[in-house]
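# Architecture at a glance
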Amino acid sequence: MDTYNLYIEQEDTFYQQLETLEQCQVAVYDHIFRYGERFNKAMVEEVLRSVHQLEVNVRLELMQLRLDKAFLAYDMKHN
């Protein structure tokens, strides 16, 4: 049961990280809308690609965690 609770905590952390990444993207878009002439478009695109890659990495970790949690839940129910 301790492992399952740990998985729940980790899952919450991943969701919080995803929300943070989303808010970072929104902040960049908002800042461009307000002050776009100050920024190098290619650099902004590179920054957003990096944030997107971080999101992909977190989603992969979340997928693996959810898979592990599902198998653990099955084992707990059937053993």
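Preceding block: the structure.
Residues numbered from 1 in each chain as written. Predicted model: local features only at pLDDT ≥ 70, side-chain atom pairs only at ≥ 80, totals over all residues. Heavy atoms only, no water.

## Quick word on the environment of Glu19
Tracing the sequence through the fold places Glu19 in helix H1 (residues 2-35). For Glu19, a relative accessible area of 43% corresponds to the partly exposed category. (Helix = DSSP H or I, 4+ residues; strand = E, 2+ residues; numbered from the N terminus. Buried < 20%, exposed > 50% of the residue type's maximum accessible area, 1.4 Å probe, protein only.)

## Looking at helix H2 (residues 41-78)
For H2, spanning 38 residues, the distance from its first C-alpha to its last is 55 Å, which sits close to the expected 56 Å at 1.5 Å a residue. Of the positions making up H2, those classed as buried are Val44, Leu48, Val51, Glu55, Val58, Leu62, Leu65 and Lys69. Contacts from the buried residues of H2 go to H1. At the N-terminal end of H2, a side-chain oxygen is found 3.1 Å from the backbone nitrogen of Ala42, two or three residues along, and the residue is Asn40. (Expected span 1.5 Å × (residues − 1). Contact = heavy atoms within 4.5 Å. Polar contact = N/O pair within 3.5 Å; in protein donor to acceptor, adjacent residues only side chain to side chain.)

## Points about the nonpolar core
Residues Tyr7, Phe14, Leu18, Leu21, Val51, Val58, Leu62 and Leu65 constitute the largest nonpolar core, which totals 8 residues. Of all elements in the fold, only H1 and H2 reach the threshold of two or more residues within this core. Sequence-distant contacts of Leu62, defined by excluding residues within four places in its chain, comprise Glu11, Phe14, Tyr15 and Leu18. (Core = buried A, V, L, I, M, F, W, Y, C linked by side-chain atoms within 4.5 Å.)

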